[in-house]
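Fold and contact review
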Amino acid sequence: MPGGDGTGPAWGSGPGTGRGFGRGRGMGRGMGMGRGMGRGMGQGMQLPQIQRIPLKAIIDNDKCTACGICVPACPQEAIKINIIAEIDKDKCTGCGICVQECPNEAITLGKF
(Lines give C-alpha, C1' and ligand atoms only; values in the text may rest on other atoms or scores of the structure.)
Protein backbone atom coordinates (compact mmCIF):
# COMPACT_ATOMS: atom_id res chain seq x y z
CA MET A 1 0.00 0.00 0.00
CA PRO A 2 1.34 3.53 -0.67
CA GLY A 3 3.21 5.15 2.18
CA GLY A 4 1.84 7.54 4.75
CA ASP A 5 2.48 7.99 8.42
CA GLY A 6 -1.03 8.19 9.86
CA THR A 7 -2.20 5.88 12.53
CA GLY A 8 -5.85 5.53 11.57
CA PRO A 9 -7.59 3.57 8.86
CA ALA A 10 -7.13 4.56 5.25
CA TRP A 11 -10.83 5.44 4.85
CA GLY A 12 -13.68 6.28 7.19
CA SER A 13 -13.90 8.21 10.38
CA GLY A 14 -11.60 6.29 12.66
CA PRO A 15 -9.09 7.97 14.96
CA GLY A 16 -5.75 9.16 13.66
CA THR A 17 -4.71 10.95 10.53
CA GLY A 18 -5.22 8.16 8.00
CA ARG A 19 -2.88 6.59 5.55
CA GLY A 20 -3.53 8.70 2.51
CA PHE A 21 -2.15 8.63 -0.99
CA GLY A 22 1.59 8.86 -1.40
CA ARG A 23 3.85 10.38 1.20
CA GLY A 24 3.06 12.95 3.82
CA ARG A 25 0.60 13.42 6.61
CA GLY A 26 -3.13 13.31 6.08
CA MET A 27 -5.61 16.14 6.43
CA GLY A 28 -7.62 14.66 9.24
CA ARG A 29 -9.59 11.74 10.46
CA GLY A 30 -9.05 8.85 8.11
CA MET A 31 -8.22 10.72 4.92
CA GLY A 32 -4.70 11.51 3.75
CA MET A 33 -3.91 13.85 0.90
CA GLY A 34 -0.32 12.90 0.19
CA ARG A 35 2.64 15.00 -0.72
CA GLY A 36 2.62 18.75 -0.38
CA MET A 37 -0.15 19.19 2.17
CA GLY A 38 2.17 19.56 5.16
CA ARG A 39 0.80 18.71 8.57
CA GLY A 40 -2.86 19.41 8.06
CA MET A 41 -5.00 22.36 7.20
CA GLY A 42 -3.78 24.62 10.02
CA GLN A 43 -0.26 25.27 8.75
CA GLY A 44 0.60 27.03 5.55
CA MET A 45 -2.91 27.34 4.12
CA GLN A 46 -5.11 30.37 4.58
CA LEU A 47 -8.72 30.75 3.64
CA PRO A 48 -9.64 33.77 1.53
CA GLN A 49 -10.88 36.77 3.47
CA ILE A 50 -14.60 37.45 3.26
CA GLN A 51 -15.42 41.07 2.64
CA ARG A 52 -18.39 42.32 4.60
CA ILE A 53 -20.60 44.71 2.69
CA PRO A 54 -22.72 46.81 5.04
CA LEU A 55 -26.38 46.83 4.04
CA LYS A 56 -28.86 49.56 4.89
CA ALA A 57 -32.61 49.89 4.53
CA ILE A 58 -33.73 51.48 1.27
CA ILE A 59 -37.23 52.88 0.71
CA ASP A 60 -38.97 52.40 -2.64
CA ASN A 61 -40.74 55.76 -3.03
CA ASP A 62 -43.33 54.30 -5.41
CA LYS A 63 -44.41 51.58 -2.96
CA CYS A 64 -44.28 53.45 0.36
CA THR A 65 -47.69 54.64 1.59
CA ALA A 66 -46.35 56.27 4.78
CA CYS A 67 -48.43 53.86 6.87
CA GLY A 68 -45.87 54.10 9.69
CA ILE A 69 -45.70 50.39 10.59
CA CYS A 70 -41.94 50.44 10.11
CA VAL A 71 -41.33 53.26 12.62
CA PRO A 72 -41.99 51.35 15.89
CA ALA A 73 -40.51 48.17 14.37
CA CYS A 74 -37.04 49.72 14.06
CA PRO A 75 -34.96 48.99 17.18
CA GLN A 76 -32.49 51.76 16.26
CA GLU A 77 -35.17 54.45 15.78
CA ALA A 78 -33.74 55.08 12.33
CA ILE A 79 -37.07 55.58 10.52
CA LYS A 80 -39.33 58.62 10.49
CA ILE A 81 -42.31 59.51 8.36
CA ASN A 82 -42.49 62.73 6.38
CA ILE A 83 -44.34 62.37 3.09
CA ILE A 84 -42.93 58.82 2.93
CA ALA A 85 -40.70 56.83 5.27
CA GLU A 86 -37.14 58.11 5.54
CA ILE A 87 -34.16 56.13 6.82
CA ASP A 88 -31.38 57.71 8.88
CA LYS A 89 -28.41 55.89 7.31
CA ASP A 90 -26.19 56.71 10.31
CA LYS A 91 -28.56 54.94 12.71
CA CYS A 92 -29.61 52.04 10.46
CA THR A 93 -27.73 48.81 11.23
CA GLY A 94 -29.25 46.80 8.39
CA CYS A 95 -31.03 44.37 10.72
CA GLY A 96 -33.93 43.93 8.27
CA ILE A 97 -36.79 44.07 10.79
CA CYS A 98 -38.42 46.92 8.88
CA VAL A 99 -38.22 44.88 5.67
CA GLN A 100 -40.22 42.10 7.28
CA GLU A 101 -42.80 44.46 8.79
CA CYS A 102 -43.57 46.58 5.72
CA PRO A 103 -46.93 45.44 4.30
CA ASN A 104 -46.22 47.09 0.93
CA GLU A 105 -42.76 45.58 0.42
CA ALA A 106 -41.44 49.12 0.09
CA ILE A 107 -38.28 48.49 2.11
CA THR A 108 -35.32 46.41 1.00
CA LEU A 109 -31.73 46.04 2.19
CA GLY A 110 -29.00 47.15 -0.16
CA LYS A 111 -25.59 48.75 -0.48
CA PHE A 112 -25.45 52.35 0.51
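Predicted model, so just to flag it, every value in this text is computed and none were measured. (Residues numbered from 1 in each chain as written. Predicted model: local features only at pLDDT ≥ 70, side-chain atom pairs only at ≥ 80, totals over all residues. Heavy atoms only, no water.)

1. Regarding the overall build of the protein
The helix and strand tally for the protein stands at two helices and six strands. When its helices and strands are written in sequence order, the protein yields β-β-β-α-β-β-α-β. Out of the 112 residues in the protein, the part that is buried amounts to 28%. Carbon and sulfur atoms provide 53% of the accessible area of the protein, an area that totals close to 8,200 Å². (Helix = DSSP H or I, 4+ residues; strand = E, 2+ residues; numbered from the N terminus. Buried < 20%, exposed > 50% of the residue type's maximum accessible area, 1.4 Å probe, protein only. Areas by Shrake-Rupley, 256 points an atom, 1.4 Å probe, with all protein chains shown as cover.)

2. Here's the deal with the nonpolar core
The biggest cluster of nonpolar side chains holds 14 residues, and the ones touching the most others in it are I79 and I107. Of all elements in the fold, only β3 (55-59) and β5 (85-87) reach the threshold of two or more residues within this core. Ignoring sequence-local partners within four residues, the contact set of I79 consists of C70, V71, C74, A85, E86, I87 and C98. (Core = buried A, V, L, I, M, F, W, Y, C linked by side-chain atoms within 4.5 Å. Contact = heavy atoms within 4.5 Å.)

3. Notes on the confidence of the model for the protein
Per-residue confidence for the protein gives a mean pLDDT of 76, with 62% of residues at or over 70. Of the regions scoring below 50 in pLDDT, residues 36-40 engages in five contacts with residues more than four places distant in sequence or in other chains. (pLDDT = per-residue confidence, 0-100.)

4. Points about the state of the cysteines
All told, the structure shown has zero disulfides when counted by the stated rule. No disulfide involves C74; its nearest neighbouring cysteine sulfur is the one of C95, lying 6.0 Å away. In this model C102 remains outside any disulfide bridge; the closest cysteine sulfur is found in C67, 5.9 Å from its own. (Disulfide = S-S within 2.5 Å.)

5. Side note on a nonpolar patch on the surface
There is a patch of nonpolar side chains on the surface, built from I53, L55 and L109 and spanning about 230 Å² of accessible area. With respect to the secondary-structure elements, L109 resides in strand β6 (residues 107-111). Taking relative accessible area as the criterion, L109 reaches 32% and is therefore assigned partly exposed. (Patch = residues over 30% accessible without salt bridge, like charges linked within 9 Å, V, L, I, M, F, W, Y side chains within 5 Å. Salt bridge = Lys/Arg side-chain N within 4 Å of Asp/Glu carboxyl O.)

6. Examining the environment of N82
By secondary structure assignment, the location of N82 is in the loop between β4 (79-81) and β5. By relative accessible area, N82 is classed as partly exposed at 48%. Sequence separation between N82 and A66 is 16 residues, and the spatial gap between their C-alpha atoms is 7.7 Å. Reaching out from N82, the side chain makes a polar contact with the side chain of E86 at a distance of 2.9 Å. (Polar contact = N/O pair within 3.5 Å; in protein donor to acceptor, adjacent residues only side chain to side chain.)

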